[in-house]
Amino acid sequence: MSIFRPVQIFADWLTYSIFAMQQKSLAAEAVNFFIFDTIKIFILLSVIIFFVSLIRSFIPPERIRKILSHKYEITGNLLAAFFGIITPFCTCSAIPLFLGFIEAGIPLGVTFSFLIASPMINEVAIVLLLGLFGWKISLIYIISGYIIAVVSGVILGKMKLEHLVEYMVTRRADTSLGVMKLTWKQRIRSAKNYTAEILKKIWPYILIGIGIGAWIHGYVPTEFIMRYAAGNSWYAVPLVTLIGIPLYSNAAGVLPLVSVLTEKGVAIGTTLAFMMAITGLSLPEFLILKKVMKAKLIIIFATVVGIGILFTGYLFNYLLS
Amino acid sequence: MVIKILGAGCSSCAQLEKNTKEALERLGLEAQVVKISDIQDILAYSVMSFPALVIDENVVLYGQNPTVEELMQLIRDRGL
C-alpha cells in the first residue's frame, strides 16, 4: 500500500490539522478512514477503468463473437469466460449479446460462460476488491469466478436446454462486420468518456458505502458484529448469497461495507460468496432475459451459478479458517 | 441518403442522433435520420455494441460515440 502513502499523509493532515480532531479519538479515526478510503478508491477506479476500456476498444463483442463461432465446447467455454472478463456488462446489453451469439451459432453453454463471467468479473468489482481487500483476495475472486463461469457453462451446455430459448433465432451465415478504423485519439476519448460515465453512476453509492463503513470501523465493536452478523455459522454462506441477488446496482456501495465486516471477523469465504452473488446473480438481468428465454431456463441458470457460489464460499471458509 | 442509429435504449444513442443531425446541418446536407431500437431489426445488422451508425445500409461505427467533426468526416467519406 506504499503508493498510497501520500494519500494517508493527506488524510492525516486533513483530519488532525485542518479539522483539528483529537488524535486517537473514535471520530477522528472514522473521518480519517473515510478520507483515505474515498480518495484511494476513486484514484484506483479512474486509472483502472480507463485502461480496461482502452484495451477493450481493440476487442469489441463483435470480434469476440467471430472468434467464438469457430470454437467448440470446453475450448469455447474457456475462451468465452475469458472474453467475458474484459467485456463490460450492463443489463441493457444482455439481450443483444445473448441473441447475437446464438444467431452466430455459438453453443448455448459457451454463451452462458460469457454471460456469467461478464458481470461477475468486472473492473469496478476488481478495483474495490483490490483497494479494500488486497491483491490476494482479488486474485482468489477472479480465479473462482472464472472457474464458476467455465464449469457452469459446460454443465448448462450438457443439459441441452436450447428449446427453452424463447425467441425465433435466425441463423445468420455471415455475422462478420468490417473492422472499424479507430485512431488512438478516438480510443482515448472513448475510454475517458466511459470512465466518467461509470464514475458518475456509482460515486454516491461508494461515498455512502465508505461512510457507513467508516462509522462501523470507528464505532461498532468487533464483538457486536461477531455476535449479530453470524459471519461464521453454517447458514451464513447461503444467507448472504440470497441477500446478494437483488443488490446488483449497489455493488459499489455494498463492498466498502463488506470489507469492514470482514475486518471485524466475518469469514472470507462468506464475503466472497456475498460479492459473487451481488455481481453474478442479478435480478435486473434475470428480468430482462425473461424476454428471450423461458423462466425455467433462467431458474436453471441461476441455480447452477448459485451452487458454484455456495461451493466457493464454503471452500474458502474451510481453507482459510 | 438514409442514416440509421441503432441502439437498445442507452443514453449515448440519443447523443449520437443529436450529433448526426448537427453534422448534417453543418455540411448543409439533407438526409433521413432513423432511430432503430427493435432488437430484431438491430440484429439484422450483426451489431451488438451500441450506439451504432448505419449509412445507406453500411455499418460504419459500433460501440462508439463520435464527435460532430468525426461524423462530418464519416458522412463525407460515404461519397457525398
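Source: prediction; values computed, not measured.

Rules behind the numbers
Positions within a chain are numbered from 1, following the residues in the order the chain's sequence is written. Whichever chain is written first becomes A and whichever ligand is written first becomes 1, with later ones labelled in order. Predicted model: local features are reported for residues with pLDDT of at least 70 only, side-chain atom pairs are reported and counted for 80 or more only, and whole-chain, interface and lining totals are derived from all residues. Working from all heavy atoms in the structure, the side-chain values ignore hydrogens and water. Nonpolar core, defined: a set of buried Ala, Val, Leu, Ile, Met, Phe, Trp, Tyr and Cys residues in which side-chain atoms within 4.5 Å join the residues together. Exposure is judged per residue with a 1.4 Å probe applied to protein chains only, and the accessible area is read against the type maximum: over 50% gives exposed, under 20% gives buried, and values in between give partly exposed. Here a helix means four or more residues in a row that DSSP labels H or I, a strand means two or more in a row labelled E, and each is numbered from the N terminus. Whether two residues are in contact is decided by their heavy atoms, any of which lying within 4.5 Å being enough. A strand pair is defined by DSSP finding two or more bridges across the two strands. Only the stretch in contact is used when fitting a helix axis, every axis being a line fitted to C-alpha atoms; angles between N-to-C directions are given from 0 to 180 degrees. Residues enter patches when their relative accessible area tops 30% and they take part in no salt bridge; the joining distance is 9 Å for like charges and 5 Å for the nonpolar side chains Val, Leu, Ile, Met, Phe, Trp and Tyr. Under the convention used here, a 1.4 Å probe and the Shrake-Rupley method define accessible areas, while residue burial counts only the protein chains that appear. Definition used for salt bridges: Asp or Glu carboxyl oxygen within 4 Å of a side-chain nitrogen of Lys or Arg. When describing relative orientation, an angle under 35 degrees is termed roughly parallel and one over 145 degrees roughly antiparallel, while 65 to 115 degrees is termed roughly perpendicular and anything else oblique. We call a crossing left-handed when the near helix sits turned anticlockwise from the far one by less than a right angle, and right-handed when that turn is clockwise. Amino acids are sorted into nonpolar (Ala, Val, Leu, Ile, Met, Phe, Trp, Tyr, Cys and Pro), charged (Asp, Glu, Lys and Arg) and polar (every other residue, Gly among them).

Draft legend 1. The arrangement of the nonpolar core in detail. Leu45, Phe98 and Met120 of chain A are the most contacted members of the largest nonpolar core, which has 77 residues in total. Top element by residues in this core is helix H15 (residues 295-319) of chain A. It accounts for nine residues. Each residue touching Met120 of chain A, except ones within four places of it in the same chain, is listed here: Ala125, Tyr141, Gly145, Ile148, Met276, Thr279, Gly280, Val305 and Ile309 of chain A. Counting 24 residues, the second-largest nonpolar core is a separate cluster that includes Leu182 of chain A together with Ile42, Tyr45 and Val68 of chain B.

Draft legend 2. The arrangement of the sheet that holds strand E1 (residues 2-6) of chain B in detail. All names here are of chain B. Read across the open sheet, the four strands follow the order E2-E1-E3-E4; overall the sheet is mixed. Each end of this open sheet is capped by a strand with a single partner; those strands are strand E2 (32-36) and strand E4 (58-62). Taken pair by pair, the neighbouring strands of this sheet meet at an average axis angle of 20°, ignoring direction. Each of E1, strand E3 (52-55) and E4 is contacted by helix H3 (residues 68-77), which is oriented at about 30° to E3, the strand it contacts most.

Draft legend 3. Broad picture of a nonpolar patch on the surface. Residue and element names in this part refer to chain A. A cluster of nonpolar side chains, contributed by Trp135, Leu139, Ile143, Ile147, Val151, Ile155 and Met159, occupies part of the molecular surface with about 660 Å² of accessible area. Its place among the elements puts Ile143 in helix H8 (residues 135-158). On the basis of relative accessibility, which here comes to 46%, the residue Ile143 falls in the partly exposed class.

Draft legend 4. Main features of the pattern of salt bridges. Residues and elements named next belong to chain B. Overall, the coordinates contain seven salt bridges over all chains when judged by the stated rule. Residue Lys21 is joined to Glu17 by a salt bridge in which the shortest nitrogen-to-oxygen separation is 3.4 Å. A residue pair is termed a helical-turn pair when its members lie 3 or 4 positions apart in one helix, as Lys21 and Glu17 do in helix H1 (residues 11-27) at four residues. What makes Lys21 partly exposed here is its relative accessible area of 42%. The partner of Arg26 in a salt bridge is Glu22, and the shortest N-O contact between them spans 3.4 Å.

Draft legend 5. Structural view of the environment of Leu115 of chain A. All names here are of chain A. One can find Leu115 in helix H6 (residues 108-120). Residue Leu115 is classed as buried on the basis of its relative accessible area, which comes to 1%. Once the C-alpha coordinates of Leu115 and Ala81 are considered, the two residues, 34 residues apart in sequence, prove to be 8.0 Å apart.

Draft legend 6. Examining the pairing of E3 of chain B more closely. Residue and element names in this part refer to chain B. Where burial is concerned, the two faces of E3 agree: the one with Ala52 and Val54 and the one with Leu53 and Ile55 are both buried. Summarising the sheet, E1 and E3 pair through four bridges and their orientation is antiparallel. What sits directly across from Lys4, in E3, is Val54. Across four bridges, E3 lies against E4 in antiparallel orientation. Its bridge partner lying in E4, Val54 is registered against Val59. The turn linking E3 back onto E4 is made up of two residues, and Asp56 within it adopts a positive phi angle of 45°.

Draft legend 7. Up close: the packing of H6 of chain A against H15 of chain A. Residue and element names in this part refer to chain A. Orientation of H6 relative to H15, taken along the N-to-C sense of each, is 60°, at an axis distance of 12 Å. Taken as axis vectors, H6 and H15 run oblique relative to one another. The element H6 and its partner H15 pack so that their crossing is right-handed. Facing Phe112, Ile116 and Met120 of H6, the residues of H15 in contact are Leu297, Phe301, Val305 and Ile309. Classifying every residue of the contact of H6 with H15 by side-chain character gives seven nonpolar, no polar and no charged.

Draft legend 8. Seen up close, the pairing of E1 of chain B. All names here are of chain B. Counting buried positions along E1 yields four of five residues, so the element is predominantly enclosed. Inspection of the sheet shows E1 paired to E2 by five bridges, in the parallel sense. Note that in E2 the partner of Ile5 across the bridge is Lys35.

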